[in-house]
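Chains, contacts and geometry: an overview
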Amino acid sequence: MSSATAAAGLIESASYVGDNLGLLAACAVGLIAGAHTATWGMYKDAVHEGFTWRKYLRSVSIGGCIAPLLYLAGVPLGSVGDMLVLFGVTYVLERAASEFYKTFLRNEDQSKYFIPMQFAVRGRVVKSRLARVLVGVDIAAALFLLALTVFLMQPDAGRPALWLVALTGSWAGLVSAVGGAWKDAPIEGFETFKFFRSPVVATIYAVLLSSFTSVLLLTALAGLGFTVATLETYKTFFFPSKPRGKFAGKPIRFPEMLTRRNWFVPMYASIWALVLAGFALAY
């Protein structure tokens, strides 16, 4: 065997190992993101719905699938900043997939909720599953067109201007705000501060994340992912006695979960510590 052939073999082997390590790292990032979303969801919901590992691990497994797929699709994972971007994008896509299922596909008794979780118009649930699916397809198509628009706004060379990062980040936050208002406002009333909170926070995160990637679509999606993580943490753990809007006024049916849910808090806090350490290292 010639030295050239041997060198080529070593390079190929190193590439193979590197790709597999990258895939494992992406899987780990996805599992962590999924565990984060699963924990704040469980913390507020379990006292009303009870706890099952199957439901808890659903978000974990979805996150664990999304992140490797993003890595295989070309989302880089060569630095701490890349990991933060992947975390944020995985977070928002997991939330989007879960909410799409619950809103448009799942049939469930809505009487246990104060705010309906299935698609509703002016607070009244659309009972036809076919109608909900058709609306869901239309909304998914609209979101795809918005993502395509952001993709086409990407500069041909160099980093995008900061105003462009802020603009596309605010669009992502606005999508979340409109969706939340459509669901909540007919029942709770429209709150101006609550509506504009997501666009503002998403803009800030998009600008921060633009230091790690020059891809507008990634900064917008990751910015929204971190926005969801931040706002849900605030609403869940800063006001633990206040039920989530969908359970407002509903009785606590599983009081034992008031204690058991705290077992997950150290893990949740550790994920935040890891994320904040990542930001500190990346900057």
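Quantities reported herein were computed from a predicted structural model and do not represent experimental measurements. (Residues numbered from 1 in each chain as written. Predicted model: local features only at pLDDT ≥ 70, side-chain atom pairs only at ≥ 80, totals over all residues. Heavy atoms only, no water.)

This structure, assessed with the given rule, holds 11 salt bridges. E49 is the salt-bridge partner of K55, the closest N and O atoms lying 2.4 Å from each other. Given the relative accessible area of 34%, K55 is considered partly exposed. Note that E94 is salt-bridged to R95, the shortest N-O span being 2.9 Å. Exposure remark for R95: the relative accessible area of 13% places this residue in the buried category. Each of E49, K55, R106, E108 and K112 takes part in one network of salt bridges that share partners. (Salt bridge = Lys/Arg side-chain N within 4 Å of Asp/Glu carboxyl O. Buried < 20%, exposed > 50% of the residue type's maximum accessible area, 1.4 Å probe, protein only.)

Let us look at the nonpolar core. Grouped together as the largest cluster of nonpolar side chains are 45 residues, with contacts concentrated most on L86, F87, F226 and V275. Those elements that place two or more of their residues in this core are α1 (3-49), α2 (53-72), α3 (80-105), α6 (192-209), α7 (216-237) and α9 (265-282). Considering each element in turn, this core owes the most residues, 9 residues, to α1. Excluding residues that lie within four positions of it along the chain, F226 makes contacts with L84, F87, G88, Y205, L209, V275 and F279. By size, the runner-up hydrophobic cluster in this structure holds 5 residues, among which are V150, L164, V165 and A206. (Core = buried A, V, L, I, M, F, W, Y, C linked by side-chain atoms within 4.5 Å. Helix = DSSP H or I, 4+ residues; strand = E, 2+ residues; numbered from the N terminus. Contact = heavy atoms within 4.5 Å.)

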